[in-house]
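Structural features, examined
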Amino acid sequence: MSGDTVIFDPRTCQLMGVFNDLFADSCNTLLSGGGEEPVYLPAEGVDDCHQLIFRQDYFSSALHEIAHWCIAGEQRRQRVDFGYWYRPDGRSVNEQSAFEQVEIKPQALEWIFSVAAGQRFQISADNLSADVGASDAFAAAVADQAQSWCVGCLPMRAALFAASLSEMFGGRDYLDPCHYRVGSLGS
């Protein structure tokens, strides 16, 4: 976390409250913002809790990190950043393709969370300096995954979180597949 104090807007405070109310006790995990970069830190001892830290006060960063956490199994939740491969901004085309393959499910969940919270969603290639945007195939795969979860079942923690978000932020029907079309991004 940075040394600067971060002032969170009310929506971000509500978001942190929703997550922490659901998972602080049941999963020994706390969501906090203010990070220079997002990171998941597993508990170091029996009296510690796992920390899911999102970037600055960015609502969307929190939703994205929560999506990764909801997908990660028990073993992955014992590793820093869930043990995922990550190469920062500046990836080659091949590295970007590998990145997109592991980001389909997290970004689909982030989209569902965004709809539940009434938050704008944008597919992220997370590769600004290489000027390599999200491929059309990646955007379509994210939309397909979100639609699939709408007609199937969300992962358990994701289902709890999305329902609570919807209740807190306005009750949109986040499981309506019509929300998850590439042409509807940003709505």
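Residues numbered from 1 in each chain as written. Predicted model: local features only at pLDDT ≥ 70, side-chain atom pairs only at ≥ 80, totals over all residues. Heavy atoms only, no water.

On to the environment of Leu41, then. Along the chain, Leu41 falls in strand S2 (residues 39-41). Classification of Leu41 as partly exposed rests on a relative accessible area of 34%. Each C-alpha atom of the pair Leu41 and Gln51 lies 5.0 Å from the other, and the pair is 10 residues apart in sequence. Contacts of Leu41, omitting those with residues within four sequence positions, involve Cys49, His50, Gln51, Ile53 and Val80. (Helix = DSSP H or I, 4+ residues; strand = E, 2+ residues; numbered from the N terminus. Buried < 20%, exposed > 50% of the residue type's maximum accessible area, 1.4 Å probe, protein only. Contact = heavy atoms within 4.5 Å.)

What follows covers the packing of aromatic side chains. Applying the stated criterion to the full structure yields 10 aromatic pairs. On the numbers, 4.3 Å between centres and 15 degrees between planes, the contact of Tyr40 with Phe82 is stacked. Linking Tyr40 in strand S2 with Phe82 in the loop between helix H2 (59-71) and helix H3 (93-117), this pair joins segments that are 42 residues apart in sequence. Of the two residues, Tyr40 and Phe82, both sit in the buried class. The structure contains a cluster of three or more aromatic residues connected by ring pairs, namely Phe19, Phe23, Trp69, Phe113 and Phe161. (Phe/Tyr/Trp six-rings, centres within 6.5 Å; stacked < 30°, edge-to-face > 60°.)

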